[in-house]
Amino acid sequence: MADQWYFGAGRLSRKVPPDMTEVFPVILFYKYVEVADPAEFATAQRELCLELGLKGRVLIANEGINGTLAGPSAAIDCYTEALKQDARFSDITFKLSAGDPGTFPKLVVKVRKEIVTLNAGDLEPDRDNLLNPSAWKERMESDPDAVVLDVRNRYETDAGRFENAIVCGIEHFRELPGYLEELEPLKEKHVLMYCTGGVRCEKASALLRQRGFQHVHQLEGGIVSYQEQFGNEHWLGECFVFDQRMTVKVEQGLKQIGRCAHTGGVTSRFVNCLHDPCHKLFLVSESAERANPDLRLCPECLAAGLTSETAEYRQPASL
Ligand SMILES: [Zn+2]
């Protein structure tokens, strides 16, 4: 039922039918701010979410909070009110999309060293070079020296990205420091960097500047905030999300770019490679997999000679 997902529905925007987010909204939020007592704060967050019947994932570290939660509308409202009453989070922004009771199978509240793992030492996240979506779009359209850089993972960019974006061949955000050599040619350019909701960019920006990139800008609120205002303008495909929906999209003017890794057919259907030691996330069309169960293997594993008979896996794949 992927057709039902929209960005920006509900209280932030009324461009799409409001009922879907009002029934079972998904919120996306983060803030870099000192949390002196991560373990204690995580316990309180876990209790609050359980009491409200929310599911999803909340990561807490000394450096802040990063979360996505889904639940009935009234419960989500209670949560957002409660978090804003905490002075550290009074100005936090919640981005809304539509979910359902299956969006997250469970609740996970964890204490981590970082709210997004970059593993690049002490980096103070950047906030001084944010461009709001209008300013970003304007810059992208008018600055001949601008290059658009997608700092998300490879599979996310497979499903959707900005026009002409430079993408990184990384499977995890923590691989970005090692990937910067590939981006050397951008050092003197005006780098317009973006991610899903902004949390990765604040750190990636600090990292790039530390490594000598001269002109770095980041999209405030990420793809989610941009699409709330500008839909599919300059945007291609769907936006990957880290929950059961896999992607969300704006229907109007959608230009699908996701392609089956095996057949090249248009698809936005993600699967994990059947071979558990690989488990790579990739796009494969349902019809291709139905016709040949071996296509549940990623192209690399298939090329290495594995088949659905010889692959190692615990759970049989099911269409
Ligand atoms: Zn594989």
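Quick look at the overall build of the chain
Per the secondary structure count, the chain includes 10 helices and 16 strands. Against the 2.2 N^0.38 benchmark of 20 Å for 319 residues, the chain shows a C-alpha radius of gyration of 20 Å, consistent with a compact globule. Principal axes of the C-alpha set define a box for the chain whose edges measure 55 × 50 × 40 Å. Each of the 319 residues in the chain was classed as buried or not, and the buried ones make up 43%. Residue pairs at least 24 apart in sequence account for 63% of intrachain contacts in the chain once pairs closer than 6 positions are excluded.

Focus: helix α8 (residues 222–230)
Along α8, 7 of the 9 residues are buried, which leaves the element largely enclosed by surrounding structure. Within the sequence span of α8, burial applies to Gly222, Ile223, Val224, Ser225, Tyr226, Gln227 and Glu228. At the exit of α8 stands glycine 231, carrying a positive phi of roughly 55°.

Re the sheet that holds strand β6 (residues 130–131)
Pairing between sheet strands relies on hydrogen bonds along the backbone, with the strands arranged either parallel or antiparallel. Taken in spatial order, the 5 strands line up as β6-β11-β10-β7-β9 in an open sheet, and their pairing is parallel. Two strands lie at the open edges of the sheet, namely β6 and β9 (166–167), each paired on one side alone. In this sheet, strand β11 (residues 215–219) lies alongside strand β10 (residues 190–194) in parallel orientation, the contact comprising 4 bridges. Within β11, the position partnered with valine 191 by the bridge is valine 216. Each of β10 and β11 is contacted by helix α7 (residues 199–210), which is oriented at about 175° to β11, the strand it contacts most.

Remarks on the domain arrangement of the chain
The domain architecture assigned to the chain consists of domain 1 (2–111), domain 2 (130–240) and domain 3 (259–319). Computed over C-alpha atoms only, the centres of domain 2 and domain 3 are separated by 29 Å. In terms of residue class, the side of domain 2 that touches domain 3 is made up of 2 nonpolar, no polar and 2 charged.

Thoughts on the nonpolar core
Grouped together as the largest cluster of nonpolar side chains are 74 residues, with contacts concentrated most on Leu149, Val151, Leu192, Met193, Tyr194 and Leu297. For this core, the element with the highest residue contribution is α7, accounting for 6 residues. Residues contacting valine 151, with those up to four places away along its chain left out, are Cys168, Leu176, Met193, Cys195, Arg200, Cys201 and Ala204.

Let's talk about the sheet that holds strand β3 (residues 64–70)
Within the open sheet, the 5 strands sit side by side as β4-β1-β3-β2-β5. Their pairing is mixed. Here the strands that pair on one side only, and so sit at the sheet edges, are β4 (95–98) and β5 (107–111). Ignoring which end each strand starts from, the neighbouring axes of this sheet average 10° apart. Pairing geometry for strand β2 (residues 55–61) and β3, over 7 bridges, is antiparallel. Across the sheet, residue lysine 55 finds its bridge partner in β3, namely alanine 70.

As for the environment of valine 148
Residue position: valine 148 is located in strand β7 (residues 146–150). By C-beta crowding, valine 148 is classed as buried, having 21 other C-beta atoms within 10 Å. Through-space distance from the C-alpha of valine 148 to that of aspartate 100 is 33 Å; in sequence the pair is 48 residues apart.

Quick word on the environment of histidine 217
Mapped onto the elements of the fold, histidine 217 is located in strand β11. Considering only alpha carbons, one finds histidine 217 and phenylalanine 240, 23 residues apart in sequence, at a separation of 22 Å. The residues contacting histidine 217, other than those within four sequence positions of it, are Asn129, Leu131, Arg139, His190, Val191, Leu192 and Met193.

A look at the packing of helix α4 (residues 133–142) against α8
The contact between α4 and α8 brings their axes to 9 Å, and the two run at 85°. One element, α4, and the other, α8, form an angle in the roughly perpendicular class. Of the residues in α8, those in contact with Pro133, Trp136 and Lys137 of α4 are Ser225, Tyr226, Gln229 and Phe230. Its residues assigned to classes, the contact of α4 with α8 comprises 4 nonpolar, 2 polar and 1 charged.

What to know about the pairing of β2
Of all 7 residues in β2, 6 are buried, a share of seventy percent or more. Between β2 and β3, which follow one another and run antiparallel, lie 2 residues. Sheet topology places β2 next to β5; 5 bridges connect them, and they run parallel. Note on β5: the bridge partner recorded for valine 58 is valine 109.

Here is what the cut-offs are and how they apply
Residues numbered from 1 in each chain as written. Predicted model: local features only at pLDDT ≥ 70, side-chain atom pairs only at ≥ 80, totals over all residues. Helix = DSSP H or I, 4+ residues; strand = E, 2+ residues; numbered from the N terminus. Rg over C-alpha atoms; globule rule 2.2 N^0.38 Å. Buried ≥ 20, exposed ≤ 12 C-beta atoms within 10 Å, placed from the backbone. Contact = placed C-beta atoms within 7 Å. Pairing = 2+ DSSP bridges. Axes fitted to C-alpha atoms, helices over the stretch in contact; angles between N-to-C directions. Domains from an automatic or database assignment. Nonpolar A, V, L, I, M, F, W, Y, C, P; charged D, E, K, R; others polar. Core = buried A, V, L, I, M, F, W, Y, C linked by C-beta atoms within 7 Å. Parallel < 35°, antiparallel > 145°, perpendicular 65-115°, else oblique.

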